[in-house]
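Structural description and commentary
Each chain, letter by letter, is given below.
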Amino acid sequence: MLAFLIRRVLTMVLTALCLTFVVFYLTNLPPNLEKLAKSEASTRMSDADVASWIERNGFGRPMLLRYGEWLGVVPGWTRTEDGVTRGRCIEAGQDPAAAPLRCGVLQGDWGFSTVFKQPVSQIIAERLSATGLLMLWVMIVMVPTSLLIGVLSGMREGSRLDRGLSIFSIASTATPEYVSGVVLIALFASTTTGISPWLAEQGWISGKTLFLGTATSALDSGITFWNFGLPVMTIALYGIGYIARMTRASMTEVMTAQYIRTARLKGVSFGMVVMKHALRNALIAPFTVIMLQFPWLLNGVVIVETLFNYKGFGWTLVQAAGNNDIELLLACSVVAVFVVLMTQLISDIGYVFLNPRIRVS
Amino acid sequence: MTATTDWDPSKPILEIENLSISFFTRLREIPAVMDFSCTVMPGEAMGLVGESGCGKSTVALAVMRYLGKNGRITGGSIRFKGRDLTTMDDEALRQIRGSGIAMIYQEPMASLNPAMRIGAQLAEVPMIHEGIGREAAWKLARQIVADVRLPDPDRILKAYPHQLSGGQQQRIVIAMALMSKPALLILDEPTTALDVTVEAGIVDLVKDLGHKYGTSILFISHNLGLILEVCDRLCVMYSGEAVETGAVARVFDRMRHPYTQALFRSIPLPGADKNTHPLVSIPGNFPLPHERPPGCNFGPRCAYFQAGRCDAQEVPMVLLPGGDRHETRCLRSAEIDWDKPPVAARAVARTPVGEVVLKMTDLRKYYEVSGGLFGGSLKKVVKANETLSFEARAGETLAIVGESGCGKSTFAKVLMGLETATSGRIMLFDQDIQDIPIEKRGTDTVSSVQMVFQNPFDTLNPSMTVGRQIIRALEIFGEGANDAERRDRMLELLDLVKLPRAFADRMPRQLSGGQKQRVGIARAFAGGAKIVVADEPVSALDVSVQAAVTDLLMEIQRKNRTTLLFISHDLSIVRYLSDRVMVMYLGHVVELGTTDQVFSPPYHPYTEALLSAVPIADTRVTKKRIVLEGDIPSAMNPPPGCPFQTRCRWKSQVPGNLCETVMPPIRLLAGDHQIKCHLSDDVLAGMEPVIRIAAQ
Amino acid sequence: MDALSWGQIFGRIAWQFWPVWAALILTFAVSVSFKRRLGLYGKLYDSPVGMVGFGLVMFWVFTALFAPVIMTHDPLTQVSGMKNALPGFPQKGAEGAYYLLGGDNLARDVFSRMVAGSVLVIQIAPMATIFAFMVGITLGLPAGYYGGKLDTGLSFLANQILAFPVILLFYLLVTPEIVASGLPQYIGVVLFLFPLIFLIVLINSRLYVKPALRNLLVGLVVVIGGWLYLSLLSSPDTRIDLLPPQADALEIPGNILIVFVSVVFVNAPTVFRIIRGLVLDIKTRDYVAASQTRGEGPWYIMLWEILPNARGPLIVDFCLRIGYTTILLGTLGFFGLGLSPESPDWGSTINAGRRLLSIFVHPALVPALALMSLVLGLNLLADGLREESLKD
């Protein structure tokens, strides 16, 4: 087990290194740097000025070297011009001698955001916690619902209940977040269409709409059903269909297994067969799927946060990518990749624990 | 238990009357069982025998009322202790399942819940049916596990199914069926997935427990030998109908239905010989359920068929004179001379054996495997083949016999060049090929060593026509100058394996198992193979088809003077067709000699047990019962010394701990008969034959 | 002129779609009458779910085909006074012209934009999926068949791409700075090579025993395929400008090519994993061993013995994957990546419409429902195919 873990973690680190380097490379291509120079210094710089700005701010060094700087394994650049020593790790006004030699991710220095004018680590921490809250609610809604749907429809394959639930889950996997978000807003959060005008007329809701079309207020004035309902539903809906399909497939397979026949012919009632014999076997496969669903959820989060204007991690990612905020974007990718790899690890370990066949051998 | 009071123990436990079962698909109704009747008395063991697709398993599932969504009982009744199961509601059925009637299935691994401990699965039964507590149920489970002769019951109760071997799993399934002391036990091919020596133990167990608990048994099998060993009465089924039923001994000795007779003539019993007494295969094919002929279902394949009579009417079951409830579904049962020997028993001259074409010397094949999912550092060596030495001559049939894990498949892979040998030599004609993988072998070498595979449903590419697959082999072997020539050659090959030429354009799924196997043979002989490795070529086929395919192989062998390496676990067929036999156990050749030498004493102790374990469908044969203890050890972790020492019943005859410590040498007995054993010459000479045939 | 009622709106829309209805009825009538002779496709007509799915998919295919006839307005023209017009609103100064589904915030006809959007999706999504399959198959077959180091390496690469959040990847690949550097085109150079390699290996592995025929076919593939390959990639004034304009048969706008490349890039690793899994299963079959023992080359075994027998799950996944590709295209549009802002594709239109969503619903809702119905159709089709292929 330990050997397996170590191997797994080593692969993870290797993957993380590769991926961050790719992101680093792509975000530090010359056109990006030129754009950065223009936005930082002056938009009307000449090409020569741009080149010298890049050179002066340490962006001219070889790519691999700068990646090492960013990681914190290579000493940061220093440059003495007109008697003033500046450098990657030297803050404005700091004595160069007192500055640390290396400053990178490993030292906890994630850089400074050019868009938000704040340290990246601070932005990431704030926004990540906001997204965490959203994800938590999504999970609370999504996992039990989808498992229930999957088990109910897979229990009796081909029954009317199965048909109905299957159509629902197929429909929900066919509805990406940007579609379901639009449809849900039209239905519940529009002052002109959907059920809100009618509800307001009846006097059943105090505001103008049943739900709020944006979730911005959730961060300032706390989460309510009113401002959080739609974003959570939008993300959950897409996942529910997918997980329910997986659970159903796994459940129908288990229900046709011979040991289910054995149990039935032992005289176990149908309900007990489902609960005692089928469920555990049927949940092994969906577990992996749920965990691997995280990267997909990340996608959904970006879309939903953009659509509902919720200033979380996904929204930040879009801002960083759209505004060429190199260090923020790098940090965002590190976090994203880390989340994905962690879930893969957890899903592997969890699979082993759920499945006695693998555990003991 | 309910409603047992008004049931008289002298009445039948199970009475099936005129049962008809159909499966309903979108297109049509497919009758699976028609007009089936049978009676099981208390304490009686009833056998249901027939080829695959004859409806025997459907009958069993109908008794359990578990036919799935599409299956329905369309007529007749099934009475268990006087109560009709066909009209029973779900709750009453649930109470009978498991406590009144219990069932044991073919695949033990699949019948056990992989995520539940053995103990919990066993204890569940009495907890449901007798309402006893968890503690008491586990105690009962422990007792029954001991009853099915499993070592260390406490450990087993806590284990998961995958931690047990196949034989142990099947014992657990039996234990589970016995937990509530059912009145009727249904066994559906309970040993088909197991090795012969393990099968013998299970059969013994079932018989003993049946007597001990007074349980009636419905035993379903395709193996007539097993039926003879286990059952009192039997019912032969063909294409959804019972064709003959009666006491086992009477049906075996005085069968009165042409199908039963044909079945017995097509299986290799002791005394059959490929040259003097060849098997008689049943012509034609098993009819598909929706293409049954009018009148007698067996009519088109029957030697006694009379047009206008047998196909004019539905044939009823008739009671034969002589009592003992012997019935047959044949109009002509009184007219046929049943004792007339089979016609056209064309004897063939023995093929002379030619020069040595294949010689293996000290061949070894070791595999390195990493230890499981988390291992990596732990490398284990599997010794799949150890010091294999033998010669095979042109025109000879050499049988390689052994159970799973004995290394016979690895040997085939090394010979074919799919793997290279770890050490030793393989001489093919005058060429060393042990180190040459197949990609580096010349076309001549490749086409001269070919293989026939075991599973007919797997041996042909499902998405290519039959003709195309044979032509491809011809292309690869460089036969024929152009497409037209190759096509002609392909049609000739179809003639050779006695398939209609129209089959060239068919897809494999349109062929029956036997026909696919014939295509496989045609493909193997496409390049004029000199050596053919046949890896259990008939073991997955129905009994009546086996004979035809075996005969075909023999015939082509005679014609081409091919060397046939016949890999099998079935000693009956080996005895029938092979010239020499090589017995393997855990990668070692334990015995090698002519067929007569191997099948008569002195034996290697393993050969002796193997011979005893094979069920023989002949009432004249008496066998010495030798049931091996335990399972075959894993090739990953072989025992020290002699590989067979853990299960050998002769071990006490060897002084000291020689068997546990020293690998026995190969000993040459009279007439080049080789045995790998420590037993002294005296002990070997004193061995008695396992099989005796009573004088006729 | 008064605005149309909802009944009139739907009546007029249904009338606009008449060529689609005609084509659908023809397709279904012909297919149902010959369904027993059409194999798996024919069996689809036994499954209500599959039939509905197929109907939805074909609806959009025919819509894309007959788009010029169906559209009532030019999808890019802005008509004054029609800004955010409600559905059924009459166009001023033009008798009998209505904005059937209203106008968007730039006063363009929502209905016509939806129809025009289908053309883009139906062109890109299936092609991109085919390319992704070619790449996945060409790499997945050897990975599964040989196993070992090759498998470890390729699987690691595939996992790298899969571990990357799709949106981040799109942002990295499709931003103008990176497009200017030519990187997506270079990826295209590699990815588009796979179909060529695939075809050449396919022919060679089977026909090497008949060299004359082999040479002819391989030659044809190299010439025709190579020319298509070059014209697909090369576009003037970019990093890759290999062909003179006269010889360049396919003129694909640069930004579409880049969208295409990135969608293929994202899909290929998943296909790779599916193929690899199927190969691991099928390579244990006896017919594979049979072809090994007669000395077939590894590529023949992979392409002619294994691949055809994996077709069932692959066809099902192909349908699902077109749906997923459609969703990805929408995502790109939704974030304003790649395609030009006035492009009528559904994702971009949803993105444009969402700003005024709580007041004017129709500009975003119409393309959203269109996209959903196409993906739903593909998913239902896949489900029907899976069920029918499992039977018998």
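Calculation notes
- Residues numbered from 1 in each chain as written.
- Chains lettered and ligands numbered in written order.
- Predicted model: local features only at pLDDT ≥ 70, side-chain atom pairs only at ≥ 80, totals over all residues.
- Heavy atoms only, no water.
- Contact = heavy atoms within 4.5 Å.
- Buried area = accessible area lost by both parts, 1.4 Å probe.
- Salt bridge = Lys/Arg side-chain N within 4 Å of Asp/Glu carboxyl O.
- Polar contact = N/O pair within 3.5 Å; in protein donor to acceptor, adjacent residues only side chain to side chain.
- Helix = DSSP H or I, 4+ residues; strand = E, 2+ residues; numbered from the N terminus.
- Axes fitted to C-alpha atoms, helices over the stretch in contact; angles between N-to-C directions.
- Parallel < 35°, antiparallel > 145°, perpendicular 65-115°, else oblique.
- Nonpolar A, V, L, I, M, F, W, Y, C, P; charged D, E, K, R; others polar.
- Pairing = 2+ DSSP bridges.
- Core = buried A, V, L, I, M, F, W, Y, C linked by side-chain atoms within 4.5 Å.
- Buried < 20%, exposed > 50% of the residue type's maximum accessible area, 1.4 Å probe, protein only.
- Lys, Arg positive; Asp, Glu negative; His and termini not counted.
- Right-handed = clockwise from strand over helix to strand, strands pointing away.
- Phe/Tyr/Trp six-rings, centres within 6.5 Å; stacked < 30°, edge-to-face > 60°.
- Expected span 1.5 Å × (residues − 1).
- Bend = angle between axes of the 7 residues up to and from the residue.

1. A closer look at the interface of chain B and chain A
Tallying the contact residues gives 30 residues for chain B and 26 residues for chain A. Summed over both sides, the interface between chain B and chain A buries roughly 2800 Å², with carbon and sulfur atoms accounting for 59% of that surface. The interface formed by chain B and chain A holds two salt bridges in total. One salt bridge connects Lys276(A) with Glu124(B), and the closest N-O pair in it is separated by 3.3 Å. Connecting chain B to chain A are 12 residue pairs in polar contact (both at pLDDT 80 or more). Going through the elements one at a time, β6 (101–104), α3 (108–111) and α4 (118–129) of chain B are the ones with two or more residues in the side of chain B that touches chain A. At five residues, α4(B) tops the list of elements feeding residues into the side of chain B that touches chain A.

2. Brief notes about the packing of helix α10 (residues 183–191) of chain C against helix α11 (residues 193–207) of chain C
Residues and elements named next belong to chain C. The geometry of α10 relative to α11 is characterised by a closest axis approach of 4 Å and an angle of 5° between their N-to-C directions. With respect to their mutual orientation, α10 and α11 come out roughly parallel. Of the residues in α11, those in contact with Val 189, Val 190 and Leu 191 of α10 are Leu 193, Phe 194 and Pro 195. Here the residues of the contact of α10 with α11 sort into six nonpolar, no polar and no charged.

3. Concerning the sheet that holds strand β19 (residues 531–535) of chain B
Residues and elements named next belong to chain B. The eight strands lie next to each other as β18-β19-β20-β15-β21-β22-β25-β24, forming an open sheet whose pairing is mixed. Looking along the sheet, the strands with just one partner apiece sit at the ends: β18 (449–452) and β24 (666–669). Shown here is a sheet whose adjacent strand axes are inclined to one another by a mean of 20°, direction ignored. Here strand β15 (residues 397–401) runs beside strand β21 (residues 580–585); their pairing, made up of four bridges, is parallel. Among the inter-strand pairings, Ala 399 is bridged to a residue of β21, identified as Val 581. Helix α17 (residues 543–560) contacts β15, β19 and β20 (563–568) of the sheet and is inclined by roughly 155° relative to β20.

4. Some remarks on the nonpolar core
Membership of the largest hydrophobic core comes to 184 residues, with the highest contact counts inside it found for Leu14(B), Phe36(B), Leu122(B), Leu184(B) and Ile186(B). Per-element accounting of this core gives the leading share, eight residues, to helix α8 (residues 196–213) of chain B. Leu184(B) has contacts with Ile13(B), Leu14(B), Val40(B), Val63(B), Phe80(B), Gly100(B), Ile101(B), Ala102(B), Thr215(B), Ser216(B), Ile217(B) and Leu218(B), leaving out every residue within four places of it along the chain. Counting 172 residues, the second largest nonpolar core, distinct from the first, contains Leu19(A), Ile170(A), Val318(A) and Ile256(C).

5. Let's talk about the interface of chain A and chain C
Of the residues lining the interface, 49 residues belong to chain A; the matching set on chain C comes to 40 residues. Per-residue buried area on chain A facing chain C is highest for Leu26(A), Tyr178(A) and Val182(A); these three make up 16% of the total on that side. There are one salt bridge connecting chain A and chain C. Taking the shortest distance from any N to any O, the salt bridge between Asp383(C) and Arg245(A) comes out at 2.3 Å. Counting only elements with at least two residues in the side of chain A that touches chain C, the list comes to α1 (2–27), α2 (30–40), α6 (160–173), α7 (177–188), α10 (225–255), α12 (270–307), α13 (313–322) and α14 (326–354) of chain A. When residues in the side of chain A that touches chain C are grouped by element, the largest group, eight residues, is from α1(A). For the side of chain A that touches chain C, the per-class residue count stands at 33 nonpolar, 14 polar and two charged.

6. So, the side chain of Glu177(A)
Mapped onto the elements of the fold, Glu177(A) is located in helix α7. We note that Glu177(A) is buried and unpaired, the nearest opposite charge coming from Arg354(C) at a distance of 13 Å. In contact with Glu177(A), not counting residues within four places along its chain, are Thr234(A), Ile235(A), Tyr238(A), Gly300(A), Ile303(A), Val304(A) and Leu307(A).

7. Here we look at the pattern of salt bridges
All names here are of chain B. All chains considered together, the criterion is met by 53 salt bridges over all chains. Its salt-bridge partner being Arg 329, residue Asp 35 comes within 3.5 Å of it at the nearest N-O pair. Of this pair, Asp 35 sits in strand β2 (residues 29–40) while Arg 329 sits in the loop between β12 (327–328) and β13 (356–370), and the two are 294 residues apart along the sequence. The buried category is assigned to Arg 329, whose relative accessible area is 4%.

8. Here we look at the pairing of β19(B)
All names here are of chain B. For β19, a buried count of five out of five residues is recorded, marking the element as mostly surrounded by other parts of the structure. Side chains Ile 531, Val 533 and Asp 535 project from β19 onto one buried face, and the interleaved Val 532 and Ala 534 project onto a second face that is buried too. Summarising the sheet, β18 and β19 pair through four bridges and their orientation is parallel. By the bridge assignment, Met 451 is partnered in β19 with Val 533. With five bridges joining them, β19 and β20 adopt parallel strand pairing. By the bridge assignment for β20, Val 533 is matched with Leu 565. The handedness of the β19 to β20 crossover, carried by α17, is right-handed.

9. Notes on the packing of aromatic side chains
Two aromatic rings are characterised by how far apart their centres lie and by the angle between their planes. By the definition in use, this model includes 38 aromatic pairs over all chains. A centroid spacing of 4.5 Å and a plane angle of 50° characterise the contact between Tyr238(B) and Tyr259(B), whose relative ring orientation is tilted. Highlighted residues: Tyr238(B) in strand β9 (residues 233–238) and Tyr259(B) in helix α11 (residues 258–266), separated in sequence by 21 residues. An identical accessibility class is assigned to Tyr238(B) and Tyr259(B); each is buried. Taken together, the aromatic side chains of Phe17(C), Trp21(C), Phe59(C), Trp60(C), Phe111(C) and Trp346(C) make up a single cluster linked through ring pairs.

10. A short note on the packing of α11(C) against helix α15 (residues 298–306) of chain C
Residues and elements named next belong to chain C. It is the contact of α11 with α15, at a shortest axis distance of 9 Å, that shows an interaxial angle of 105°. When the axis of α11 is compared with that of α15, the two are roughly perpendicular. Counting all contacts with α11, which are made through Phe 198, Val 201, Leu 202, Ser 205 and Arg 206, the residues of α15 involved are Trp 299, Tyr 300, Leu 303 and Trp 304.

11. A look at helix α13 (residues 254–282) of chain C
With 29 residues, α13(C) ought to run about 42 Å at 1.5 Å a step, and its terminal C-alpha atoms sit 41 Å apart, in line with that. Along α13(C), the sharpest kink reaches roughly 30°, centred on Ala268(C) and followed within four residues by the proline Pro269(C).

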